[in-house]
Amino acid sequence: MLVRLFEGALSKKDKGSTNRLREMVEVLRERDIVHGITPEKLRLILEDLGPTFVKLGQIMSMRPDFLPQEYCDELMKLQTEAKPLPFSVIEKVIEQEYQQRWTRIFQSIDEEALGSASIAQVHRAVLQEGEKVVIKVQRPGVHDVMSKDIVLLKRAAGILKILGPTQDVVDFSMVLDELWAIAKQEMDFVMEANHIDEFRHANLDVDFVTCPKVYRHLTTQHVLVMEYIEGIQIDDTAGLRAAGLDIRRLGERLGENYVKQIIDDGYFHADPHPGNIWVRKGRIVWLDLGMMGRLSNKDRGAIRKAIFALAQHDTFEMKSAVLSLGVPQERIDHARLYQDIDALMVQYGDLDFRALRMGVLSRQIMNVLRSHHIAMAPGISMFCRGVMTIEGLMRLICPDVSFVEILARSMELNFTRGFTWREEVAKAKREGYILLRKSLQLPEQISDILRMTLNGQTKVNLELTGADEPLTRLNKMINKLIIALLSAALLLGSSTICTTQMTPKIMEIPFLGVLGYLAAMLLAFRLLWSILRGR
């Protein structure tokens, strides 16, 4: 039955996907999806559906504004490794991209994969010039497979709600659109090469941070060639100590650089798990820059405002920051939003920056946004996931270093950096001059407004915000006023009719006048009854 329903959602030109559709439906049937879904069941379903859906699940785990937190936490457990493709397949992809035998470019390629994920796998290699490199090769056909799977999911979502009856999970089609946009970025290795170059340029002045060199002349949309990084994974504390490195100092530098990426650059690594951060000769090396997050000046300003509002226990400023982080999808109940944010602020009454977890705070703010139907930009959700990941990593390798303390210290430096009294005085003079000019224009502007009002050319948009109860009372008052006016109008109209000789008549009174009097009396009695009942 399920198969027939899903097949009916496909057009004739989609019938080639029927086999894949049957596989998907069979997985859903085996997992008994019609009887609801749990976070664990969703994770198992995605694993059963294969590498494409594993990747979707990994990206979905970064969107707590779309999914409840328990779903995101469970999806973070998805396996990152996929079964490696045979080297003969990898060899074929490389030669198709270069249009020549790979032996003309590389001395050797290690047939055993360094790593294999849902979109690509990585092999060690040596260039003809003798340089050690890694080759990231995209799985053949992954773009087509993923695009078809998403089309099928979109069709299926209209018939069977994948995530069951919960109202916390929003429009699944919208989620799929965003996931597909992110996945397409990861499947374009030229874009990843651009990300690496941009990241390197942004961190040129940071001597303890680097990223792999990209061999542009060997990079295509499906093959990425980078230098081979020989180092120590950052969570290998034993290896770091054996190399004579100061782990505490390393943790501080990691936190400082990530704060710089967020606050100063607005361009940050969106998946900073330990496998993507290595240490080579004391320098932090960032790997796998396929998924990068961006924060606009407005977003960074809102994050700063939220941190300072929390430190000063200013609920109003925190509310302003929260509203700046998203776009309302419907009318906001500002009184309830204020109460929710105030309840959040109470939890941080005795603020200790060393104990504060920025990731937890970000998740709580996102929950407030979701409960009030305020949509967020992808950069904000990536920021929340990145901060949670980096905080967890720092607690693992150097528990005595506080990421939030580094963040607060960096923000203070941002405000004091480059401060001079001469510049501040000059700025005050400019702002004072602008204010004076606007003040002189004020009488003229008021005169224009009054003139337009008298001519009927002004339009005022009034929005009443707050609790619904005052609006309900106002609505009832207006209804009563309308009834009173109708009753009075019927009474006057009927009295006018009674002075005429209109026929037919009842007891020498025009019949239409009698009906008007009766209607006026009924409305009057109804109005009195509602007034007395209200008392």
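Placed above this text is the structure.
Predicted model, so just to flag it, every value in this text is computed and none were measured.

Rules and cut-offs
- Residues numbered from 1 in each chain as written.
- Predicted model: local features only at pLDDT ≥ 70, side-chain atom pairs only at ≥ 80, totals over all residues.
- Heavy atoms only, no water.
- Salt bridge = Lys/Arg side-chain N within 4 Å of Asp/Glu carboxyl O.
- Helix = DSSP H or I, 4+ residues; strand = E, 2+ residues; numbered from the N terminus.
- Buried < 20%, exposed > 50% of the residue type's maximum accessible area, 1.4 Å probe, protein only.
- Pairing = 2+ DSSP bridges.
- Contact = heavy atoms within 4.5 Å.
- Axes fitted to C-alpha atoms, helices over the stretch in contact; angles between N-to-C directions.

A. Quick look at the pattern of salt bridges. Tallied over the entire structure, the rule returns 18 salt bridges. The salt bridge partner of Arg-29 is Glu-26, with a shortest N-O separation of 2.5 Å. Taken together, the positions of Arg-29 and Glu-26, both in helix α2 (residues 18–30) and 3 residues apart, correspond to about one turn of that helix. Across the salt bridge formed by Arg-248 and Asp-400, the nearest N and O atoms sit 2.6 Å from each other. You can see Arg-248 sitting in helix α11 (residues 247–265) and its partner Asp-400 sitting in the loop between α16 (378–397) and α17 (403–416), a full 152 residues away along the chain. Owing to a relative accessible area of 38%, Arg-248 belongs among the partly exposed residues under this scheme. When its relative accessible area of 37% is taken as the criterion, Asp-400 is described as partly exposed.

B. Local environment of the sheet that holds strand β9 (residues 277–280). Ordered in space as β5-β10-β9-β7, the 4 strands form an open sheet in which the pairing is mixed. Only two strands of the sheet have a single neighbouring strand rather than two, namely β5 (209–210) and β7 (232–233). Of the strand pairs in this sheet, β7 and β9 are connected by 2 bridges, and their pairing is antiparallel. Bridge pairing in β9 links Ile-232 to Val-279. Sitting on the sheet, α11 touches β5, β9 and β10 (283–286), and the angle it makes with β10 is about 45 degrees.

C. Local environment of unusual backbone geometry. A cis geometry characterises the amide bond from Thr-503 onward to Pro-504, with omega recorded as -5 degrees. Position of Pro-504 among the secondary structure elements: in the loop between α19 (468–498) and β14 (505–506). Of note, Gln-99 is a non-glycine position whose phi angle comes to about 55 degrees, a positive value. Here Gln-99 shows up in the loop between α6 (87–98) and β1 (106–109). Its identity is not glycine, yet Lys-281 carries a phi of approximately 55 degrees, on the positive side. Tracing the backbone shows Lys-281 in the loop between β9 and β10. Classification of Lys-281 as exposed rests on a relative accessible area of 82%.

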